[in-house]
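# Structural overview
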Amino acid sequence: MDPAVLRDRRRLWYTTYQFDRFLSITLGRPFGIIDESIRVELPNPWVTIATCRPVDELSPDDKFGIHSQRALNHLFKMTHLESEIMHVQHSQSWSVKIAYPRANYAVWLQDVGPRLQEWYTTIPEINKAHPLSIFACQAYWDTVYNNAILLLHRPNSMVSQVSAESLVISFDASCKMINNIKLLQRDGRVDVLWRAVHQLFMAGLSVIYCLWHSKDIRDSLSTGSCIQTLQSCASTLFAMSETLHGAAGCRDVFDTLSSATINWLITYDAEKVQQSRQQFEQQLNDLLQNVQPSKRVMPSVEDGVGGGTAMSAMTDCFAFSELLSSAAQWPELQGMVLGMDNVYHDLA
């Protein structure tokens, strides 16, 4: 068969396969093409060259064509990985059969993670892509990678228990996706708008879910950064809905959920500040009780510093500094000196 015809047929096959996976993963439907039945090799990028010439003699268009096909092949590999992720997750709800064994999810999770990382590290060089190509945008590749990470770790109906580590990974991947899709939208580099809307919407929902269910995530981030992430997602969805009117539903739902989450975060932050203040006052009271000030300098702790509480001691900077300075001095040696005088008197 003519190599050019074979290449075109392979490209057509993998384009159909990729579209099937896009629809199935996005809509949550079964795959129309089973991975085990696929024996088609990836298209050969070098077939685009009419004559066999050294690489240094290739024209810029030839080089861009080679890079474009290499990038497409890399995306086809990611589609295989996403298909595997969905297959294993769905298989967890199957009844155990000899013909359809169920994968060990924990072992498989440790295996697929390094393969996803390897895919990310072997992305074709973006500086060799055409400047106007989507493959020249690092934000595009980061979005594809983090979408797979989110697909792997986000809560789903097939995996009942989500670990704290998976929540942290999902939150981090979601935040990166929101930022990257925002950059692509701002620069007009979104390739498939409806898919980007779905990915952004799922990333935003994952951020909200992780904030509500993980205290560690809330405590590790400032309230301002969380609000900024939610507002970035909402504003990008609003901009996309101006072009794709079908995204208005996602925009309205996320706006309602994010508003409720922001109000809750503000309340949670206020309670945390009040709790921190109370803990600080308690620590300060404990400090003042442990310190033994000199009676020449300060009154006792029971009498209060400056006639007030521990916080009033903090406000009276001079009194508090004198208290700490007095506590740092050597203990009074009056009793010790008297004891030595008695010894000398006995010796005399």
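Everything here concerns the structure above.
Figured I'd write up the structure that's included with this text. The structure presented is a predicted model; accordingly, all values stated were derived computationally and were not measured.

### Considering the overall build of the protein
For the protein, the helix and strand inventory stands at 12 helices and 0 strands. Its helices and strands in sequence order give the protein the pattern α-α-α-α-α-α-α-α-α-α-α-α, from N to C terminus. Counting all 348 residues of the protein, 36% fall into the buried class. Within the protein, counting contacts between residues at least 6 apart in sequence, those at least 24 apart form 71% of the total.

### Description of the pattern of salt bridges
Overall, the coordinates contain 13 salt bridges when judged by the stated rule. Two residues, E41 and R10, come together in a salt bridge whose shortest N-O distance is 3.6 Å. Taken as a pair, E41 in the loop between α1 (3-27) and α2 (60-91) and R10 in helix α1 lie far apart in primary sequence, 31 residues in all. Between R115 and D111 there is a salt bridge, with its nearest N and O atoms 2.8 Å apart. Residue R115 and its partner D111 are both found in helix α3 (residues 105-121); the two are separated by 4 residues, about one turn of the helix. Residue classification places D111 among the partly exposed positions, given a relative accessible area of 39%.

### Observations concerning a nonpolar patch on the surface
On the surface, F19, L23, L27 and W194 cluster together into a nonpolar patch covering about 380 Å² of accessible area. Among the elements that line the nonpolar patch, the one with the most residues is α1, at 3 residues.

### Some details on the nonpolar core
In terms of nonpolar packing, the biggest core is built from 29 residues, with L116, W119, F135, Y140 and W141 touching the most fellow members. Elements that contribute at least two residues to this core include exactly α2, α3, α4 (138-153) and α5 (164-187). Residue contributions to this core peak at 9 residues, all from α4. Counting the residues that make up this core, at least three belong to each of domain 1 (1-114) and domain 2 (137-292). Those residues in contact with F135 that lie beyond four places of it in its chain are H67, S68, A71, L72, L75, I126, A129, Y140 and W141.

### So, the packing of aromatic side chains
If you walk through the whole model with that rule in mind, you get 9 aromatic pairs. Relative to W264, the ring of W212 lies with its centre 4.2 Å away and its plane at 10 degrees, an arrangement referred to as stacked. On the criterion of sequence distance, the pair formed by W212 in helix α6 (residues 193-213) and W264 in helix α9 (residues 248-290) is long-range, its members being 52 residues apart. Among the residues examined, W264 registers a relative accessible area of 23% and is labelled partly exposed. What links up through ring pairs into an aromatic cluster is the set W119, F135, Y140 and W141.

### Looking at the environment of R154
Mapped onto the secondary structure, R154 falls in the loop between α4 and α5. Taking the relative accessible area as the measure of exposure, R154 reaches 16% and is therefore buried. Separated by 13 residues in the primary sequence, R154 and L167 place their C-alpha atoms 7.0 Å from one another. With residues up to four places along the chain from it excluded, the contact list for R154 reads S170, M202 and S206.

### Some details on the layout of surface pockets
The volume enclosed by the largest pocket comes to roughly 560 Å³. F31, I34, E36, H87 and W94 are the residues nearest the centre of the largest pocket, which is lined by 22 residues in total. Only α1 and α2 provide two or more residues apiece to the lining of the largest pocket. When residues in the lining of the largest pocket are grouped by element, the largest group, 8 residues, is from α2. Split by residue class, the lining of the largest pocket holds 10 nonpolar, 7 polar and 5 charged. By volume, the second largest pocket is sized at about 440 Å³. If you go around the second largest pocket, you meet 28 residues; those closest to its centre are F22, V144, N147, R195 and Q199.

### What to know about α4
In a regular helix each residue adds 1.5 Å, so 16 residues correspond to 22 Å; α4 covers 23 Å between its end C-alpha atoms and thus fits that length. Across the 16 residues that make up α4, a large majority, 15, are buried.

### What to know about the environment of T15
Mapping T15 onto the fold places it in helix α1. Of the residues examined, T15 reaches a relative accessible area of 45% and is grouped as partly exposed. Separated by 61 residues in sequence, T15 and F76 place their C-alpha atoms 8.4 Å apart.

### Structural notes on the packing of α5 against helix α8 (residues 223-243)
Interaxial distance between α5 and α8 falls to 10 Å at its minimum, and their mutual angle equals 40 degrees. Crossing of α5 against α8: the hand is left-handed. Contacts between α5 and α8 involve C175, I178, I181, K182 and Q185 on the former and, on the latter, T229, S232, C233, T236, A239 and M240. Looking at the contact of α5 with α8 residue by residue, the class counts come to 6 nonpolar, 4 polar and 1 charged.

So, how was this worked out
Within any chain, residue numbers begin from 1 and follow the written order of that chain's sequence. Confidence filtering applies because this is a predicted model: local features only for residues at pLDDT of at least 70, side-chain atom pairs given and counted only at 80 or more, and all residues used for totals across whole chains, interfaces and linings. For side-chain calculations, the full set of non-hydrogen atoms in the structure is used, while hydrogens and water are omitted. Secondary structure follows DSSP: runs of H or I at least 4 residues long count as helices, runs of E at least 2 residues long count as strands, and numbering of each begins at the N terminus. With a 1.4 Å probe rolled over the protein chains alone, any residue whose accessible area is under 20% of its type maximum counts as buried; one over 50% counts as exposed, and the rest are partly exposed. The criterion used for residue contact is that any of the two residues' heavy atoms lie within 4.5 Å. Just to be clear on terms, a salt bridge is a Lys or Arg side-chain nitrogen sitting within 4 Å of an Asp or Glu carboxyl oxygen. Surface patches are defined over residues having more than 30% relative accessible area and no salt bridge, joining like charges when they lie within 9 Å and nonpolar side chains (Val, Leu, Ile, Met, Phe, Trp, Tyr) when within 5 Å. Throughout, the Shrake-Rupley method with a 1.4 Å probe supplies accessible areas, and for residues the shown protein chains are the sole cover considered. For our purposes a nonpolar core is just a set of buried Ala, Val, Leu, Ile, Met, Phe, Trp, Tyr and Cys residues, chained together by side-chain atoms within 4.5 Å. Residue ranges for the domains trace back to a domain assignment, done automatically or taken from a database. Each Phe, Tyr or Trp ring (for Trp, its six-membered ring) is paired with any other whose centre lies within 6.5 Å, and the angle between the two planes then decides the class: stacked below 30 degrees, edge-to-face above 60, tilted in between. Definitions used for this entry: grid spacing 1 Å over protein atoms alone; cavity, a set of points where a 1.4 Å probe fits but cannot get out; pocket, an open set with protein on both sides within 12 Å along at least 5 of 7 lines; lining residue, one with an atom within 4 Å of a point. Grid points are joined across faces, edges and corners, and a volume is the space filled by probe spheres set on the points. Throughout, the ten residues Ala, Val, Leu, Ile, Met, Phe, Trp, Tyr, Cys and Pro are labelled nonpolar, Asp, Glu, Lys and Arg are labelled charged, and all others, Gly among them, are labelled polar. What a helix is expected to span follows from its residue count: subtract one and scale by 1.5 Å. The convention used is that axes are lines fitted to C-alpha atoms, helices contributing only their stretch in contact, and that angles between N-to-C directions extend from 0 to 180 degrees. Put simply, a crossing is left-handed when the front helix is turned counterclockwise from the back one by less than a right angle, and right-handed when it is turned clockwise.

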